[in-house]
Amino acid sequence: MSEETSHLFPTYKRWDIVFQEANGSTVIDQHGNEYIDMMSGIGVVNLGHKHPNVLKAVEEQLQKGWHGSNFFQYEGQERVAQILTENSTGEYVFFVNSGTEANEAAIKLARKYRGKNKVVSFLQSFHGRTFGSMAATGQTKIHEGFGSMLSGFEHIPYNDVEAVKQAVDKDTAAIMLEVVQGEGGIYPGEERFFQAVQEMIEKTGALLIIDEIQTGLGRTGTFFAYEQTPLHPDIITTAKSLGNGIPTGAVIGKAFLKDAFGPGTHGSTFGGNPLAMAAAEATLTTMLAPGWLHEIKRKGESFLEECKKVFSSVPLVKDVRGKGLMIGIELKEEAAPYILALQEKGVLTIGAGPSVIRLLPPLTTEREVLQEAIHRIKEVLSS
Ligand SMILES: Cc1ncc(COP(=O)(O)O)c(C=O)c1O
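- Looking up the chain in an unreviewed UniProt entry gives the name Acetylornithine transaminase, with the organism given as Aliibacillus thermotolerans.
- UniProt's Pathway (unreviewed entry) comment on the chain is quoted here verbatim: "Amino-acid biosynthesis."

Now the structure itself:
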């Protein structure tokens, strides 16, 4: 379908590939061409496409019914909330349908609890496309053309200890951050920066919101990425891989926040519907099976090491960085033409900022397949 004949708003510059089918780490197009999936639907299918546990759970739930409304008690919500709270710093959960909705809810919760407006977030961050999360996003190109942003947001440089110390004060409702900035170009946060953030949280009473929408659920080698830092979040947002492709998301908050989200304060018609919860429960129990995350962590470490070793010798490459299976290859040129050239070689990747090729393979990708992807990427970047 060409852009001239399509009835879709052209918000996405779509590739010349029709998504036809996908299994595990393979995507198949309209001509039957197979691609190694090194993007996971933008960090969504962490367990791989059509994971059998998720497929089974969703099929079974479809037979039972998939919508009742949040006036009903949904047993699936309770079970998923229990898993999320047992494996994080939080005690209560609110379910949504996407990442941006999770961040909207987090901002509302923090402002309501603190009775203050100010939210400190970071330049190059990405938190979503609705007004609250767009205002939190530290990229002017995301704001342009949409009139005045929601007030109260202050963007400071990431990894800048002094900036954190100056910006965060007693009037701050929350600091909001990604442990590795994703869309902004794959920038991992530094230990001393996280220490300064945690210090200012404790000193001022501001809440710490960690956006784990891209970094969470095994992507960086642990269930949530903050586990590898000195950060102790009051609110965590998750989405993307929570349903391994079935849309869902969640806000996880500490117990003291409970009353700020009392009856009537916030809501969602679809949030946490039984189909989404079936997918989330199957996804989470698969990831949290004994040894699973440990193996993913080891795989991520050796993949990043291999990427650094192989790509650093390529003259076009400026830097290779990341955490776990979330990797950025920064080029000395625009990344877009190379992303298209990689598709010709049967490898799907995405950009992060203008010059970074982002690799987000399904966490279940076999090591040999990752090796083959490295080989093809090197070929394209070297030609
Ligand atoms: C860190 C982060 N936060 C929020 C979002 C927004 O999520 P969604 O597109 O599901 O609204 C994204 C999406 O890429 C993200 O990477």
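### Describing the packing of aromatic side chains
Alright, step 1. Per the counting criterion, the structure on display carries 8 aromatic pairs.
Alright, step 2. Here Phe-193 and Phe-194 contribute two aromatic rings whose centre-to-centre distance is 5.6 Å and whose plane-to-plane angle is 45 degrees, an arrangement assigned as tilted. This pair shows no difference in class: Phe-193 is buried, exactly as Phe-194 is.

### A look at the packing of helix 11 (residues 336–344) against helix 12 (residues 367–382)
Alright, step 1. With their axes 10 Å apart at the nearest point, helix 11 and helix 12 run at an angle of 130 degrees to one another. Put simply, helix 11 runs oblique to helix 12. Note on packing geometry: the crossing formed by helix 11 with helix 12 is right-handed. Residues Tyr-338, Ala-341 and Leu-342 of helix 11 pack against Arg-376, Ile-377, Val-380 and Leu-381 of helix 12.
Alright, step 2. Among the residues forming the contact of helix 11 with helix 12, the class breakdown is 6 nonpolar, no polar and 1 charged.

### Considering the pattern of salt bridges
Alright, step 1. Scanning the model with the defined rule gives 16 salt bridges in all.
Alright, step 2. Note that Lys-118 and Glu-154 form a salt bridge whose closest N and O atoms lie 3.6 Å from each other. With Lys-118 in strand 5 (residues 118–122) and Glu-154 in strand 6 (residues 153–156), the pair connects residues that are 36 residues apart, well separated along the chain.
Alright, step 3. Assessed through its relative accessible area of 16%, Lys-118 is described here as buried.
Alright, step 4. Where Arg-321 meets Asp-319, a salt bridge forms, and the shortest distance between an N and an O atom there is 2.9 Å.
Alright, step 5. The buried category is assigned to Arg-321, whose relative accessible area is 9%.
Alright, step 6. By relative accessible area, Asp-319 is classed as partly exposed at 32%.
Alright, step 7. When salt bridges that share partners are traced, they join Lys-318, Asp-319, Arg-321 and Glu-330 into one network.

### A closer look at the site of the ligand
Alright, step 1. Taken together, 13 residues form the shell around the ligand, and within it Gly-99, Thr-100, Asp-211, Gln-214 and Lys-240 come nearest.
Alright, step 2. One nitrogen or oxygen atom from the main chain of Gly-99 is found 2.8 Å from an oxygen atom belonging to the ligand.
Alright, step 3. The separation between an oxygen atom of the ligand and a polar side-chain atom of Glu-183 is 3.1 Å.
Alright, step 4. Here the ligand loses 82% of its free accessible area of 390 Å² to cover by the protein chains.
Alright, step 5. No other element matches helix 4 (residues 99–114), which puts 3 residues into the shell around the ligand.
Alright, step 6. Grouping the constituent residues of the shell around the ligand by class yields 2 nonpolar, 7 polar and 4 charged.

### Some thoughts on unusual backbone geometry
Alright, step 1. Within the chain, Ser-40 stands out as a residue other than glycine whose phi angle is a positive 50 degrees.
Alright, step 2. Here Ser-40 is to be found in helix 1 (residues 40–43).
Alright, step 3. Taking the relative accessible area as the measure of exposure, Ser-40 reaches 0% and is therefore buried.
Alright, step 4. Positive phi, close to 65 degrees, is recorded for Asn-159, a residue that is not glycine.
Alright, step 5. For Asn-159, the position within the fold is in the loop between strand 6 and helix 7 (161–167).
Alright, step 6. Looking at Asn-159, the relative accessible area reads 15%, which means it is buried.

### Examining helix 11
Alright, step 1. Those residues of helix 11 not exposed but buried are Tyr-338, Ile-339, Leu-342 and Gln-343. Seen from one end, helix 11 has its buried residues packed into an arc of 150 degrees, which puts them on one side.
Alright, step 2. Trailing helix 11 by a residue or two, Gly-346 shows a phi angle of about 80 degrees, which is positive.

### Brief notes about the environment of Gly-184
Alright, step 1. As for its position among the elements, Gly-184 is in the loop between strand 8 (180–181) and strand 9 (187–188).
Alright, step 2. A relative accessible area of 13% places Gly-184 in the buried class.
Alright, step 3. Remark: the alpha-carbon pair of Gly-184 and Gly-351, spanning 167 residues in sequence, is separated by 9.5 Å.

### What to know about the domain arrangement of the chain
It is common to give the size of an interface as the accessible area lost on bringing the parts into contact.
Alright, step 1. For the chain, the domain assignment lists domain 1 (21–50 + 293–382) and domain 2 (52–287).
Alright, step 2. Taken together, both faces of the contact between domain 1 and domain 2 bury some 2400 Å²; the carbon and sulfur share is 60%.
Alright, step 3. In this assembly, domain 1 and domain 2 are joined by 1 salt bridge.
Alright, step 4. One salt bridge in this structure joins Arg-358 and Glu-183, with 3.0 Å as the shortest N-O distance.
Alright, step 5. Our count for the contact surface shared by domain 1 and domain 2 stands at 17 residue pairs in polar contact (both at pLDDT 80 or more).
Alright, step 6. Sorting the residues of the side of domain 1 that touches domain 2 by element identifies helix 1, helix 10 (292–311), strand 13 (317–323), strand 14 (326–331) and strand 17 (356–359) as the ones contributing at least two each.
Alright, step 7. Residue composition of the side of domain 1 that touches domain 2, by class: 15 nonpolar, 8 polar and 5 charged.

About the cut-offs
Residues numbered from 1 in each chain as written. Predicted model: local features only at pLDDT ≥ 70, side-chain atom pairs only at ≥ 80, totals over all residues. Heavy atoms only, no water. UniProt positions renumbered as here; feature names shortened; annotations may be inferred. Phe/Tyr/Trp six-rings, centres within 6.5 Å; stacked < 30°, edge-to-face > 60°. Buried < 20%, exposed > 50% of the residue type's maximum accessible area, 1.4 Å probe, protein only. Axes fitted to C-alpha atoms, helices over the stretch in contact; angles between N-to-C directions. Helix = DSSP H or I, 4+ residues; strand = E, 2+ residues; numbered from the N terminus. Parallel < 35°, antiparallel > 145°, perpendicular 65-115°, else oblique. Left-handed = near helix turned anticlockwise from the far one by under 90°. Contact = heavy atoms within 4.5 Å. Nonpolar A, V, L, I, M, F, W, Y, C, P; charged D, E, K, R; others polar. Salt bridge = Lys/Arg side-chain N within 4 Å of Asp/Glu carboxyl O. Near = heavy atom within 4 Å. Polar contact = N/O pair within 3.5 Å; in protein donor to acceptor, adjacent residues only side chain to side chain. Areas by Shrake-Rupley, 256 points an atom, 1.4 Å probe, with all protein chains shown as cover. Arc of directions from axis to C-beta. Domains from an automatic or database assignment. Buried area = accessible area lost by both parts, 1.4 Å probe.

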